[in-house]
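Residues per chain, in single letters:
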Amino acid sequence: MTRAFLVVMDSVGIGGAPDAEAFFNDGVPDTGADTLGHIAAACAEGRAEEGRSGPLQVPTLAALGLFHAHALATGGAMPETPARGRWGAATEVSKGKDTPSGHWELAGLPVPWEWTYFPDQTPAFPPGIVERVCQIAGTDGTLANCHGSGTVMLDRFGAEHVRTGRPICYTSADSVFQIAAHEEHFGLDRLLHLCETLAPTLHAMKVGRVIARPFVGQEGAFQRTINRRDYAIKPPQPILTNWVQDAGRRVYGVGKIGDIFSMTGIDTVRKGDDATLMCHLSDLIDEAEEGSLTFANFVEFDSLYGHRRDVSGYARALEWFDAALARVLPNLRDGDLLLITADHGNDPTWTGTDHTRERVPVLVHGAGSRPLGQVAFADVAASVAAHLNLPAQGPGGSFL
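Residues numbered from 1 in each chain as written. Predicted model: local features only at pLDDT ≥ 70, side-chain atom pairs only at ≥ 80, totals over all residues. Heavy atoms only, no water.

1. Considering the UniProt feature "binding site: Mn(2+) 2" (unreviewed entry) in the protein chain
According to UniProt, the feature "binding site: Mn(2+) 2" (unreviewed entry) maps to Asp302, His307 and His355 in the numbering used here. Considering the C-alpha atoms alone, the annotated residues occupy 54 residues of sequence yet fold into one spot, their largest mutual distance being 8.4 Å. Looking at where Asp302 falls in the secondary structure, it is placed in helix α11 (residues 300-306). Beyond its immediate stretch of four places on either side in the chain, Asp302 contacts Asp10, Ser11, His307, His344, Asn346 and His355. Turning to its location among the elements, His355 is positioned in the loop between β14 (337-341) and β15 (360-365). Under the relative-accessibility criterion, His355 is labelled buried at 1%. (UniProt positions renumbered as here; feature names shortened; annotations may be inferred. Helix = DSSP H or I, 4+ residues; strand = E, 2+ residues; numbered from the N terminus. Contact = heavy atoms within 4.5 Å. Buried < 20%, exposed > 50% of the residue type's maximum accessible area, 1.4 Å probe, protein only.)

Here you go:
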């Protein structure tokens, strides 16, 4: 019996989505968006020099086939040096470029419906939803009620929130309803209760997530905390985590995996910032039982750098992740499988602040070295199941 480690580099897309023209940022289609490629180009051209310098340095991911996968996705020139892992590029079929769509499909379940999105206008939310928020929170109103980046929302409405107690409610191009509130002035437990109580109403409308966005600090220096919580729709059919758990195996969720799947098929959750999550992943490589699945998400590529269009920060995060990965790979046991992928793109050079529709890399350590070619997101789940000697129940096929 062997173990599997499925690691999602949140938003590290590699361009080339065939349907990118149907997805938009500020009215501009995502055609040509390329998270990895544009970051690498910016680094090579000296346009990503804050806190780092020179060409993008990710030798561990490169050796596993990251740039081979990028070339496959975009039709670019293949690297001359052969990859040491098995590599491919995955294409999504779900009609969303968000976290649940990507993760559900990677776990074997393409989203079986159209998500509900809120219009990019002010107000963005129906009056009934605002009234429900006020009823639960016990406030005489809300703030924002529009599309926007989270950090911009804090700058615009944080001081007024502290003064009035009204929660900051906003959305994006994703199917989300986000509520920001100050941990001390509003209360963290109160915010989490508000989001948890509101979530069933939004889920019934097929809004994918209600997200609690707690923050601290004072005007001019508000900062988000690590106590974010996503209240997501529960997948309507069994997914990879269920397949593993139902076979009597243990499933570890690292990062926001438990939130994304509403704890479906998850035994244990370990959270923290990305540096802490890497420690958790390292510990599980040392400790996880035979036959177990560890499913990890590293979110800061997306939350700290992609949405904020911070090219230098994104490059630093990639280089940090690569160096940390180099330290944990040697600790894998014979027979272990470690598969690295992503859930969507978030090109920090692109217009707007939302995700970008892209293909994603599939890099496999522990299963030889050869190209996988173009694969489907759902093939990831089928392949992990095959490695664990479990039957797959979704539409994917194993590429191992």
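2. A look at the packing of aromatic side chains
According to the stated counting rule, one finds 12 aromatic pairs in the structure shown. Taking 4.4 Å as the distance between ring centres and 45 degrees as the angle between the ring planes, the aromatic pair formed by Phe125 and Phe177 counts as tilted. Residue Phe125 is found in the loop between α4 (99-106) and α5 (127-137), and its partner Phe177 is found in strand β7 (residues 176-182); the two are separated by 52 residues along the sequence. Of the two residues examined, Phe125 and Phe177, each falls in the buried class. By way of ring pairs, the aromatic residues Phe298, Phe301, Tyr314, Trp320 and Phe321 are connected into one cluster. Against the face of Phe186 rests Arg190, its NZ or CZ located 4.0 Å from the ring centre. The lysine or arginine in question, Lys206, covers the ring of Trp113, its NZ or CZ lying 4.8 Å from the ring centre. (Phe/Tyr/Trp six-rings, centres within 6.5 Å; stacked < 30°, edge-to-face > 60°. Lys NZ or Arg CZ within 6 Å of the ring centre and 35° of its normal.)

3. Some points on the packing of helix α1 (residues 35-44) against helix α12 (residues 311-328)
Running from N to C, α1 and α12 point in directions that differ by 105 degrees, and their axes come no closer than 10 Å. Put simply, α1 runs roughly perpendicular to α12. Each of Thr35, Leu36, Ile39, Ala42 and Cys43 in α1 lies in contact with α12, whose residues at this interface are Val311, Tyr314, Ala315 and Leu318. Broken down by class, the residue content of the contact of α1 with α12 amounts to eight nonpolar, one polar and no charged. (Axes fitted to C-alpha atoms, helices over the stretch in contact; angles between N-to-C directions. Parallel < 35°, antiparallel > 145°, perpendicular 65-115°, else oblique. Nonpolar A, V, L, I, M, F, W, Y, C, P; charged D, E, K, R; others polar.)

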